[in-house]
Amino acid sequence: MRPLHLQSEAYRPEGGIDARSQRRTLGRPALDFFDLFLRETLQNSWDARIGEGPVHFSIDAWRTTADQRSVLRDLVFKTVPSFAGPGEILRSEDVNVLVVTDTGTRGLTGPTRADLATDVDSNFIDLVRNTGRDERKGLASGTYGFGKAVLFEASACSTVVVYSRTIFSGVPIARLIAMTLGNPYEDAGRRYTGRHWWGVAGRNLVEPLEGPPAEELAAALGLNRLPNGATGTSLMVLAPSTDDAPLRDVVARLAEAATAHAWPHMVSTAIRKPDIICTFTCDSETLAPPDPTTDPRLRHHVEAYRRCEDLLAGRRAPEHAWPWAVEEVRSQRPDRRLGVIAHRDYPYNPDGNHDAVPAEVALMRSPRFVVRYMPVKPAPSGQATAGVFLAAPELDSDFARSEPASHDEWRPANLGLARNQRNPVRQALEQIKARFRRHTIPVTATQATHHRGTVSLASRLGRLLDGTVAGTDPRIPAFPEHGGSVGSATGSSTPFGPHNGSDRTGEPGNAQAGTNATGQGADARAAHAGSGSSGAQDGWIRQRNPARRPRAWLDPTVNMMTVDGATAVQFSATVVVPEGNRGAIVRAEPYVLVDGGKESEPPAGADVPHIISWRETTTEETQHGHQVALSQPGTSHWIVTVSQPPDTAVSLRLEARAATP
């Protein structure tokens, strides 16, 4: 086989773009480089997919063999420019390569010359010849536009070998060509852009090596990842820059990046199956990407994504059922849907992979790659926050146009709208932020200053031990024995026993059992409900005889628990429905207390406690919602489970009313 021919691009008389400028087309993304590398290459593979079948995407790295280095030196890069290229690196006996391969894709189809008009796919010239991207390809994420610069930036010598198997004009064909993006230079009185290609000499330019010779040379280089007869592309990055990190660590980092940015394509939903299959190897050792469904950070995003997809498709109604909030995001002027969002807070224990407790919403549009993990205001308690926002399909073009070349954020100004025009991207981002405008509930410690995490843990563990003395934490008052006296509940340690049924005021009373910021009980108040006048108000029936009205109160027992990994509080309630009643309705209203026992009105977007369930202790009957219905007279005992937002004191108010005749 003859060595490949070198072409170095000279400036045309009318000028042109130099190779250095091509490498800078991505600007200054905020992403880590290998995150960017993974995103750009994977998005390009996705855009080249065939039909609805899955894309198989792999990254393989290895130290080249002596035979492979010989092929690189003697056949591919026999002639190298003095001013750039892989010449010096190939003189070494230690040359690594990083190969990105996709199958289930069309490969680099289309013409090989950029100066000929075409109405077919132009993937080859978009990667090998052109700078920028063809707007006819729409607003996909990659399509070999500016993002190909990451291939050259990843190489210590800015050199890539391209091998592809495709179908062009109905005929299967293999293509191989090599490229370098160096710096502009002068030689023999001429100026050169720094772009170089190695291929077969053609008319005024080098063409790719094609057919069986291309297959043979690719196999000699180790580019044999494409199954027999399958179309696809392999991109070999020569001498990947690793900043002195072991090559294996770089591949493992790329595997993590694949999960972080493409997990929506790796999980199943009600309407989608996994449609990207990723594999990673280093020196033939498989490095599996993390599983997003079990990752302690991403699994909550996965569930949020599934809920968003269901809501967007009309299979789910908006909900605010603790611990989830799932809803449409809409603008008022004009009244239109901007997208859907699902989010929750959850306990998070760092496992070493993520130092900070995450509080973030994954932003996505139609290709379902994560554009960005948008930081939101953290939960006051230090719990983590996970959410997903899916842009409305009808506004996908607006969100796509707001993205920079690196596709790693939404910039409302990129839409270029007039100042008085409503910007859907800005509206969506502002509404997302508004949902996380949370505040911290103040807590006053006595006698000493306490570290919240330590005291919280100690208090929770202490309640699990029999025979311990209550009140050892000065912020957590002791629980009284059943039958204490009734009194005022300002402060936190006044004992309250069950109400004896007498209510001289005739006004509805409260039943409360608070928890302080560490989640322990602050007090338990007896309930007395009803009134001394007749008539109906808000659907509740008032009775003239207080002795016959239903009554409900909270017992002193309050327990901590977790529900779906989040903190909850169990209150014990007793309900008495005297004879002569057809039944009763008991309503529970949870609320938040701040320091000093005052009731707090939660700010917009803040977490609020919710009733999770009611459970009757004898029959084990379970009901949901803020009220339960009792169909006959008698005494019953209930466990009311309430969600506890982080860093709050939760109390409960009970009302019991006679059922409507």
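Above: the structure in question.
Bear in mind that the values here come from a model prediction, so they are computed numbers and not experimental data.

About the thresholds
Residues numbered from 1 in each chain as written. Predicted model: local features only at pLDDT ≥ 70, side-chain atom pairs only at ≥ 80, totals over all residues. Heavy atoms only, no water. Helix = DSSP H or I, 4+ residues; strand = E, 2+ residues; numbered from the N terminus. Buried < 20%, exposed > 50% of the residue type's maximum accessible area, 1.4 Å probe, protein only. Areas by Shrake-Rupley, 256 points an atom, 1.4 Å probe, with all protein chains shown as cover. Pairing = 2+ DSSP bridges. Contact = heavy atoms within 4.5 Å. Polar contact = N/O pair within 3.5 Å; in protein donor to acceptor, adjacent residues only side chain to side chain. Axes fitted to C-alpha atoms, helices over the stretch in contact; angles between N-to-C directions. Parallel < 35°, antiparallel > 145°, perpendicular 65-115°, else oblique. Nonpolar A, V, L, I, M, F, W, Y, C, P; charged D, E, K, R; others polar. Core = buried A, V, L, I, M, F, W, Y, C linked by side-chain atoms within 4.5 Å. Arc of directions from axis to C-beta. Phe/Tyr/Trp six-rings, centres within 6.5 Å; stacked < 30°, edge-to-face > 60°. Salt bridge = Lys/Arg side-chain N within 4 Å of Asp/Glu carboxyl O.

**Considerations on the overall build of the protein**
Step number 1: Along the protein, the regular secondary structure elements total 12 helices and 30 strands.
Step number 2: Counting the 661 residues in the protein, one finds 53% classified as buried.
Step number 3: Summing over all exposed atoms, the protein offers an accessible surface of approximately 29800 Å²; the carbon and sulfur share of this is 49%.

**With respect to the sheet that holds strand E26 (residues 611-616)**
Step number 1: Taken together, 5 strands build an open sheet; the order of strands is E22-E23-E29-E26-E27 and the sheet is antiparallel. Of all strands in the sheet, those bounded by a partner on one side alone are strand E22 (551-563) and strand E27 (622-623).
Step number 2: When E26 meets strand E29 (residues 634-643), the two strands line up antiparallel, connected through 5 bridges. Residue Arg615 lies in a different strand from E29, and its bridge partner there is Ile639.

**Details of the environment of Cys278**
Step number 1: Among the secondary structure elements, Cys278 is positioned in strand E11 (residues 276-282).
Step number 2: Sequence-wise, Cys278 and His56 are 222 residues apart; in three dimensions their C-alpha atoms are separated by 6.1 Å.
Step number 3: Discounting chain neighbours no more than four positions away, the residues touching Cys278 are Phe57, Ala258, Met266 and Pro289.

**Focus: the side chain of Arg175**
Step number 1: With respect to the helices, strands and loops of the structure, Arg175 is situated in strand E5 (residues 171-181).
Step number 2: Within the structure, Arg175 has its side chain in polar contact with the backbone oxygen of Gly110 (distance 3.0 Å).
Step number 3: In this structure the side chain of Arg175 is engaged in a polar contact, spanning 3.5 Å, whose partner is the side chain of Glu210.

**Observations regarding the packing of helix H3 (residues 66-76) against helix H7 (residues 212-221)**
Step number 1: Contact geometry for H3 and H7: axes closest at 8 Å, N-to-C directions at 140°. As far as their axial angle goes, H7 and H3 are oblique. Contacts from Gln68, Val71, Leu72, Leu75 and Val76 in H3 reach Leu217, Ala220 and Leu221 in H7.
Step number 2: When its residues are assigned to classes, the contact of H3 with H7 shows 7 nonpolar, 1 polar and no charged.

**Topic: the environment of Asp32**
Step number 1: Inspection of the secondary structure assignment puts Asp32 in the loop between helix H1 (19-23) and helix H2 (33-47).
Step number 2: You can call Asp32 partly exposed: its relative accessible area is 38%.
Step number 3: Note: C-alpha distance between Asp32 and Ala257 (225 residues apart in sequence) is 9.6 Å.
Step number 4: Within the local environment of Asp32, its side chain forms a polar contact with the backbone nitrogen of Phe34, the two atoms lying 3.0 Å apart.

**Re the nonpolar core**
Step number 1: The biggest cluster of nonpolar side chains holds 45 residues, and the ones touching the most others in it are Phe37, Leu38, Ile59, Leu254 and Phe280.
Step number 2: Counting residues per element, this core draws most heavily on helix H8 (residues 247-262), at 8 residues.
Step number 3: Discounting chain neighbours no more than four positions away, the residues touching Phe37 are Ile59, Leu98, Val100, Val150, Leu151, Ala154, Val237 and Leu254.

**Side note on H3**
Step number 1: Taken residue by residue, H3 has Gln68, Arg69, Val71, Leu72 and Val76 as its buried positions. Seen along its axis, H3 keeps its buried residues to an arc of 155°; they face one direction.
Step number 2: The inward-facing, buried residues of H3 abut strand E2 (55-63), helix H4 (87-90), E5, strand E7 (190-201), H7 and strand E10 (232-238).

**Some words on the pairing of E26**
Step number 1: Among the 6 residues in E26, 5 count as buried, and that is most of the element.
Step number 2: Pairing analysis gives 2 bridges linking E26 to E27, with the strands arranged antiparallel. Counted as the bridge partner of Arg615 is Thr622 from E27.
Step number 3: What sits between the antiparallel neighbours E26 and E27 is a turn of 5 residues, in which Glu620 has the positive phi angle 65°.

**Observations concerning the sheet that holds strand E16 (residues 370-375)**
Step number 1: The 5 strands are arranged E13-E14-E17-E15-E16 in an open sheet whose pairing can be described as mixed. In this open sheet, the two strands that pair with only one neighbour each are strand E13 (325-331) and E16. Neighbouring strand axes in the sheet, compared pairwise and without regard to direction, differ in orientation by 25° on average.
Step number 2: In the packing of helix H9 (residues 298-312) onto the sheet, the strands contacted are E13, strand E14 (336-346), strand E15 (359-364), E16 and strand E17 (384-391), and the crossing angle to E17 comes to about 35°.

**Details of H7**
Step number 1: For H7, the full list of buried residues reads Ala214, Leu217, Ala218 and Leu221. Projection of H7 onto a plane perpendicular to its axis shows the buried side chains occupying an angular sector of 100°, all on one side. Of the exposed residues in H7, the ones pointing more than 90 degrees away from its buried face are Pro212 and Glu216.
Step number 2: Against the buried residues of H7 lie E2, H3, strand E4 (159-168), E5, strand E9 (209-210) and E10.
Step number 3: Count one or two residues on from H7 and you reach Gly222, which has phi positive near 90°.

**Describing the packing of aromatic side chains**
Step number 1: One pass over the full model with this rule turns up 11 aromatic pairs.
Step number 2: Judged by centre distance (6.2 Å) and plane angle (50°), the rings of Phe389 and Phe399 are tilted. Of this pair, Phe389 sits in strand E17 while Phe399 is found in helix H10 (residues 396-401), placing the two residues 10 residues apart along the sequence.
Step number 3: By relative accessible area, which is 0% here, Phe389 ends up buried.
Step number 4: Ring centres 6.1 Å apart and planes at 80° place the aromatic pair Phe389 and Trp410 in the edge-to-face group. In this pair, Phe389 sits in strand E17 while Trp410 sits in the loop between H10 and helix H11 (424-434), placing the two residues 21 residues apart along the sequence. Each of the two residues, Phe389 as well as Trp410, counts as buried.

**Some points on the pattern of salt bridges**
Opposite charge on two side chains makes pairing possible when the charged atoms of those side chains draw close.
Step number 1: All chains considered together, the criterion is met by 28 salt bridges.
Step number 2: One salt bridge in this structure joins Arg307 and Glu303, with 3.1 Å as the shortest N-O distance. Of this pair, Arg307 and Glu303 both sit in helix H9, 4 residues apart, roughly one helical turn.
Step number 3: Residue Arg307 is classed as buried on the basis of its relative accessible area of 14%.
Step number 4: Note that Arg337 is salt-bridged to Glu394, the shortest N-O span being 3.1 Å. One end of the pair, Arg337, is in strand E14; the other, Glu394, is in the loop between E17 and H10, with 57 residues separating them in the sequence.
Step number 5: Connected through salt bridges with shared partners, the residues Glu303, Arg307, Arg316 and Glu319 form a single ionic network.

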